[in-house]
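# A closer look at the structure
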Amino acid sequence: MLRLSNFTRRQLLTLVVLSIGDFCNAICVSLQAPFYPQEAEKKGATATEYGLVFGVFELIVFAVSPFYGQHLNRIGPKTLFNGGIFTTGVCAILFGLLDKVDGHYPFITLSFVIRIVEALGNAAFLIATFAIIAKEFPDNVATTFASLETCFGFGLIVGPTVGGILYQAGGYTTPFLVMGSALFMSAIMTAFVLPDHPDREEDSKAGASLLEVLRIPGVVLAAASIIVTSMSIGFLSALLEPHLRQFNLPPAILGVMFVINGGTYALTAPCWGWLCDGRRLHPKVASVTGCILLIAGFSAIGPIPFLPIPTTLWLTIVGLVIHGLGIAALLVSSFTDALRCAISHGFPNNLETYGLISGLWTSTFALGAFIGPSIAGVLYDAFGFRAATLLIIVLGAVVGAIVLIFICCTKPQNMYKEIPSAASASLPEEIGGSSHTPLLGDKSPRLVASNGHINIVGSTASLACPGERPPGMNGIIACSSYKNRLGETFYGNWHRKESGATLGNQYSSSYGSFEHSAHRAFYEST
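These notes cover the structure that comes with them. (Residues numbered from 1 in each chain as written. Predicted model: local features only at pLDDT ≥ 70, side-chain atom pairs only at ≥ 80, totals over all residues. Heavy atoms only, no water.)

## Brief notes about the overall build of the protein chain
Each helix and strand in the protein chain was counted, giving 19 helices and five strands. The buried share of the protein chain, reckoned over its 526 residues, is 53%. The long-range share in the protein chain, meaning contacts at least 24 apart out of those at least 6 apart in sequence, stands at 81%. (Helix = DSSP H or I, 4+ residues; strand = E, 2+ residues; numbered from the N terminus. Buried < 20%, exposed > 50% of the residue type's maximum accessible area, 1.4 Å probe, protein only. Contact = heavy atoms within 4.5 Å.)

Right under this line is the structure:
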């Protein structure tokens, strides 16, 4: 789990700002659900019209996210974050003034315009958030991402509740005015507190496109996992209430039912993040586990039509809990996995890559969130709820099976290993023995032992050592005849921003960068 004592002051401030922004943003995006349809009907709008007002939000996020991600370096993550959160807050306030608009068409037109602009701001906010996470917390990307998703999840849960209370207390405008102002103040705070990243122009020299990222099979599988997950969320948001009508639940209990899977997701996401960081659990294994949980959850919520089991309330609740566990595993692992895959395939470990992956994650999630409710309604009208759940079950099974095959057919990657102090002391001085103390900030090349080869990282030199070798020390001894040629070039550590090497697996806590350390790090074949 996250240990705040290990964070710098800069990281702590970043985490606080992002958490507040995520929480307030989620509230502003979700608070209109309980009362906007009623207000729209008063203006003469149909269910189709105000339903599209909600749906166009995800469609715009899907369309603009890749653009934001690809131009993150040019815009800057702080500028994109501040602009996005400011736009969302202003649009939330403007949305609260729609009750002052007379006429059916002016009301619905302005609803679309405000919602579209709000989606532009929300997409910018989300992409900047994910990129800042990867930049500021390279050792804890999955855990930090999951923790912020917890704040966002709680915001989505609290949003409709707070919105309903404020609506009952002060009418339609009050909830938007209060929460929009809170988000606006959050934008002002971030302008002063959130750290900037002035090195982005340096990063942008090694450019890449979204199409190049999508040529990586591991990234495509992560994107497919995100789409299926968001489709399942949208499916339930559209059809859970009709499915629960048979139980004649009071409004309060019905509202709690909508919180079960989201609450489970918010509570368990940090656990999945902790597991996906470091050596504990490979993200693709977490994705397979998430697919299994997704299938089990929908099989219980229905329940699946092939099982001669009647629909009961307790079984539906169990299914929603399992579904929450599944979406937590899939959403947390997919972002980390896509980032690692991209860097392990040669993409630079910089803001441009972070922006591309952030844009991909946000865009694919929005695509699934748009497709899910749309297809769900058609299937529900044609076949009923139990049969309609087969769509998510089949898609989850297909994605899970493909990811499992990918894991089995992919050659294990290399990991790096710290040489203990005792071993380091016995190394010759020319390759980092104890008689030389490495200096922080020394940017000279360094020695990397991997798959029977000795490489000078950061240099064009590469010397081969034939044959297999034991890990670490023995591989160095076997190549010691080259030490006079290599000489003093191995002294010092190498800052992550200068590194051209990538680790690209679950054993790399920094996704391709070497940390400042008194010990040398050497690859060892798995």
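## Some points on a nonpolar patch on the surface
There is a patch of nonpolar side chains on the surface, built from Phe23, Phe154 and Leu267 and spanning about 270 Å² of accessible area. By secondary structure assignment, the location of Leu267 is in helix α12 (residues 251-276). (Patch = residues over 30% accessible without salt bridge, like charges linked within 9 Å, V, L, I, M, F, W, Y side chains within 5 Å. Areas by Shrake-Rupley, 256 points an atom, 1.4 Å probe, with all protein chains shown as cover. Salt bridge = Lys/Arg side-chain N within 4 Å of Asp/Glu carboxyl O.)

## Some remarks on the packing of helix α11 (residues 217-244) against helix α16 (residues 385-409)
The contact between α11 and α16 brings their axes to 10 Å, and the two run at 165°. Taken together, α11 and α16 sit at an angle that is classed as roughly antiparallel. When the axes of α11 and α16 are compared, the crossing they make is left-handed. Contacts between α11 and α16 pair Pro217, Gly218, Leu221, Ala224, Ser225, Val228, Met231, Ser232, Phe235, Leu236, Leu239 and His243 from the former with Phe385, Ala388, Thr389, Leu391, Ile392, Leu395, Gly396, Val399, Ile402, Val403 and Phe406 from the latter. For the contact of α11 with α16, the residue count by class is 17 nonpolar, six polar and no charged. (Axes fitted to C-alpha atoms, helices over the stretch in contact; angles between N-to-C directions. Parallel < 35°, antiparallel > 145°, perpendicular 65-115°, else oblique. Left-handed = near helix turned anticlockwise from the far one by under 90°. Nonpolar A, V, L, I, M, F, W, Y, C, P; charged D, E, K, R; others polar.)

## Topic: the environment of Arg10
Within the secondary structure, Arg10 sits in helix α1 (residues 9-30). For the pair Arg10 and Pro195, spaced 185 residues apart in sequence, the C-alpha to C-alpha distance is 7.1 Å.

## With respect to the environment of Val285
Along the chain, the position of Val285 falls in helix α13 (residues 283-301). Overall, Val285 belongs to the partly exposed group, its relative accessible area being 33%. For the pair Val285 and Ser333, spaced 48 residues apart in sequence, the C-alpha separation works out to 8.7 Å.

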